[in-house]
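Below are the chains, spelled out letter by letter.
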Amino acid sequence: MSTPNNYFQPDFSGKFGKYGGKFVPETLITPLKELEETYFQLLKDDNFNKELDKLNKEFSGRPTPLTFAEGLTNYYKRAKIYLKREDLCHTGAHKINNALGQILLAKKLGKKRIIAETGAGQHGVATATVCAKFGMKCFVYMGEVDIERQSLNVFRMKLLGAEVIPVSSGSRTLKDATNEAIRDWVTNVNDTHYIIGSVVGPHPYPMMVRNFQSIIGFETKEQIQIAENRLPDYIVACVGGGSNAIGIFYPFLNSGVKLIGVEAGGYGINTNKHCATLTLGREGIFQGMKTYLLQDNDGQVSEVHSISAGLDYPGVGPEHSYLKDEIIADYFSVSDEEAIKATELLSQKEGIIPALESAHAIAYLEKLTPSTAKDEIIIVNVSGRGDKDLYTIKNFLGY
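Reading the values: rules and limits
- Residues numbered from 1 in each chain as written.
- Predicted model: local features only at pLDDT ≥ 70, side-chain atom pairs only at ≥ 80, totals over all residues.
- Heavy atoms only, no water.
- Buried < 20%, exposed > 50% of the residue type's maximum accessible area, 1.4 Å probe, protein only.
- Helix = DSSP H or I, 4+ residues; strand = E, 2+ residues; numbered from the N terminus.
- Pairing = 2+ DSSP bridges.
- Axes fitted to C-alpha atoms, helices over the stretch in contact; angles between N-to-C directions.
- Parallel < 35°, antiparallel > 145°, perpendicular 65-115°, else oblique.
- Contact = heavy atoms within 4.5 Å.
- Nonpolar A, V, L, I, M, F, W, Y, C, P; charged D, E, K, R; others polar.
- Expected span 1.5 Å × (residues − 1).
- Arc of directions from axis to C-beta.
- Polar contact = N/O pair within 3.5 Å; in protein donor to acceptor, adjacent residues only side chain to side chain.
- Salt bridge = Lys/Arg side-chain N within 4 Å of Asp/Glu carboxyl O.
- Phe/Tyr/Trp six-rings, centres within 6.5 Å; stacked < 30°, edge-to-face > 60°.
- Lys NZ or Arg CZ within 6 Å of the ring centre and 35° of its normal.

Digging into the pairing of strand E14 (residues 377-382)
Regular strands show a simple pattern: their side chains alternate between the two faces of the sheet.
Right, so step 1: With six of its six residues buried, E14 lies for the most part within the structure.
Right, so step 2: Here E14 shows two buried faces, one formed by Ile377, Ile379 and Asn381 and the other by Ile378, Val380 and Val382.
Right, so step 3: As paired strands, strand E4 (residues 80-85) and E14 are joined by six bridges and run parallel to one another. Paired with Ile81 across the bridge in E14 is Ile378.

Observations regarding the sheet that holds strand E9 (residues 234-238)
Right, so step 1: Taken in spatial order, the six strands make up an open sheet running E3-E4-E14-E9-E10-E13, and their pairing is mixed. Taken across any chain shown, the strands that pair with only one partner, and hence form the sheet edges, are strand E3 (66-68) and strand E13 (330-335). The mean inter-strand angle of the sheet, taken between neighbouring strand axes irrespective of direction, is 30°.
Right, so step 2: Where strand E10 (residues 258-266) and E13 come together, six bridges link them in parallel fashion. Counted as the bridge partner of Ala264 is Val334 from E13.

Notes on the packing of helix H1 (residues 29-43) against helix H4 (residues 95-109)
Right, so step 1: Two elements in contact, H1 and H4, have axes whose closest approach is 10 Å; the angle formed by their N-to-C orientations is 110°. The angle between H1 and H4 places the two elements in the roughly perpendicular class. Taken together, the residues of H4 that come into contact with H1 (itself represented by Glu34, Leu35, Thr38, Tyr39 and Leu42) are Leu105, Lys108 and Leu109.
Right, so step 2: The class makeup of the residues in the contact of H1 with H4 is five nonpolar, one polar and two charged.

Considerations on helix H10 (residues 215-228)
Right, so step 1: For H10, with 14 residues, the first-to-last C-alpha span of 20 Å sits near the 20 Å given by 1.5 Å per residue.
Right, so step 2: For H10, the set of buried residues is Ile216, Gly217, Glu219, Thr220, Gln223 and Ile224. Taken end-on, H10 shows its buried residues confined to a sector of 155°, consistent with a single buried face. Those residues of H10 that are exposed and angled more than 90 degrees off the buried face are Glu222 and Ile226.

Structural notes on the environment of Glu283
Right, so step 1: Secondary-structure assignment places Glu283 in strand E11 (residues 282-286).
Right, so step 2: Using a relative accessible area of 35% as the deciding quantity, one classes Glu283 as partly exposed.
Right, so step 3: Along the sequence, Glu283 and Asp325 sit 42 residues apart, while their C-alpha atoms lie 11 Å from each other.
Right, so step 4: Setting aside chain neighbours within four positions, we find Glu283 in contact with Lys18, Tyr19, Lys290, Thr291, Tyr292 and Gln295.
Right, so step 5: For Glu283, the side chain forms a polar contact with the side chain of Lys18, separated by 2.5 Å.
Right, so step 6: Of note is the side chain of Glu283, whose polar atom sits 3.5 Å from the side chain of Lys290.

Some remarks on H1
Owing to its 3.6 residues per turn, the α-helix brings residues three or four apart onto one side.
Right, so step 1: Here H1 spans 21 Å end to end across 15 residues, near enough to the 21 Å set by a 1.5 Å rise per residue.
Right, so step 2: Restricting attention to buried positions, one finds in H1 the residues Pro31, Leu32, Leu35, Glu36, Thr38, Tyr39 and Leu42.
Right, so step 3: Where the residues of H1 are buried, they touch helix H2 (46-60), H4, helix H8 (174-187), strand E8 (192-194) and helix H9 (205-213).

Some points on the pattern of salt bridges
A side chain of one charge can pair with a side chain of the opposite charge when the charged atoms of the two come close.
Right, so step 1: In the structure shown here, the tally under the stated rule is 23 salt bridges.
Right, so step 2: We note a salt bridge from Glu219 to Lys84, for which the minimum N-O separation is 2.8 Å. Placement of Glu219 in helix H10 and of Lys84 in strand E4 is noted, with a sequence separation of 135 residues between them.
Right, so step 3: Here the salt bridges do not stand alone but share partners, grouping Arg62, Lys84, Glu86 and Glu219 into one network.

Some details on the packing of aromatic side chains
Right, so step 1: Under the criterion given, the structure shown has twelve aromatic pairs.
Right, so step 2: Centroid distance Tyr194 to Tyr205: 6.3 Å. Interplanar angle 50°. Geometry classified as tilted. Residue Tyr194 is found in strand E8, and its partner Tyr205 is found in helix H9; the two are separated by eleven residues along the sequence. The pair Tyr194 / Tyr205 is uniform in exposure class, with both members buried.
Right, so step 3: Considering the side-chain rings of Phe286 and Tyr313, the 5.7 Å spacing of their centres and the 50° angle between planes classify their relative orientation as tilted. Highlighted residues: Phe286 in strand E11 and Tyr313 in the loop between strand E12 (289-293) and helix H13 (318-325), separated in sequence by 27 residues.
Right, so step 4: Sitting over the ring of Phe68, Lys80 keeps its end group 5.4 Å from the ring centre.
Right, so step 5: Geometry around Phe139 places Arg113 over its ring, the cationic atom sitting 4.5 Å from the centre.

Pasting the structure below:
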């Protein structure tokens with residue numbers, strides 16, 4: 001894997017500037033160190049890299065296409081719009097990229113039991129899928145609210161042989177599922193590997209997940225050069241924890257391409273029902289990392305809201321916090337209603353029903369395109385398909 005020019009993050013301690021690090025119980029320090037050492041060993045291992053490459057091609061279906069969005073381009077009558085089609089990955093989202101890499105790590109570490117957290121269910125499905133393929137026990141923590149709104153993915157996980165463990169604490173969403181997964185890991189660290197689903201948590205997870213997901217950006221970079229013989233002017237991706245965004249951003253850092261992350265604005269950022277962490281959050285320690293965090297005046301983690309279960313999270317990956325502070329990437333938000341309108345638009349103009357997470361990135365085109373020219377190029381990362389969200393979309397539209 002290549003490194004973008006003049007970009008060396010994180011440092012040896014796992015910090016992206018002042019963000020990241022390891023804020024965990026002493027019990028987890030040794031397994032995190034072991035995980036980091038094993039990961040770096042495997043990066044130099046030809047057999048590991050060949051096996052992962054083969055799985056990406058023959059099991060996941062990579063490379064995913066870069067599709068010219070003629071309907072959207074004609075609709076906005078401005079920049080040319082391309083879509084990176086992570087919705088066409090096996091299991092329906094980019095989450096499989098990371099799950100495949102981490103299951104090979106778990107195999108090398110000799111772990112037999114796998115745990116994961118999930119919000120929208122796509123990471124849970126991806127983890128259950130790789131556990132089924134490699135014959136490992138799989139336990140997925142999921143908030144009760146998300147279990148209800150993502151019932152199809154819950155069934156998929158169970159069909160794949162995973163045990164889905166409901167979480168009834170707190171807001172009963174992704175934040176709380178992650179808390180329970182961490183508690184499990186602390187208790188069962190000897191035989192258990194925790195496949196974290198985003199670029200969050202203690203080092204080395206944000207770095208490791210980014211690197212597994214950067215296959216998105218490296219493919220995109222090659223594909224747009226073939227299609228247009230140049231790099232794009234803009235890349236747009238949704239941001240919850242931020243793995244699909246950092247995956248497509250990373251190979252384009254310091255390239256002159258404008259990088260735009262789109263957060264969940266929920267009912268509006270003038271309410272307290274949103275997930276606009278990088279827009280309105282401030283520094284805090286959360287789930288093993290220092291990062292931007294939505295919190296109240298007493299420093300307590302805020303209860304947040306998004307129509308998208310995968311973006312319903314009060315924190316964000318520490319690398320995104322660094323990119324914001326350094327003005328390497330820009331971050332904005334769109335509301336639930338805007339995301340639903342974007343879902344309808346992409347469905348009807350391109351014949352592609354996006355996940356509600358991805359719809360947030362599509363929705364930002366409404367704000368971005370008026371300032372673009374016809375000779376400019378925008379790439380939007382369609383991080384997942386919308387099958388899992390059809391009931392939510394149907395209910396919102398009143399069908």
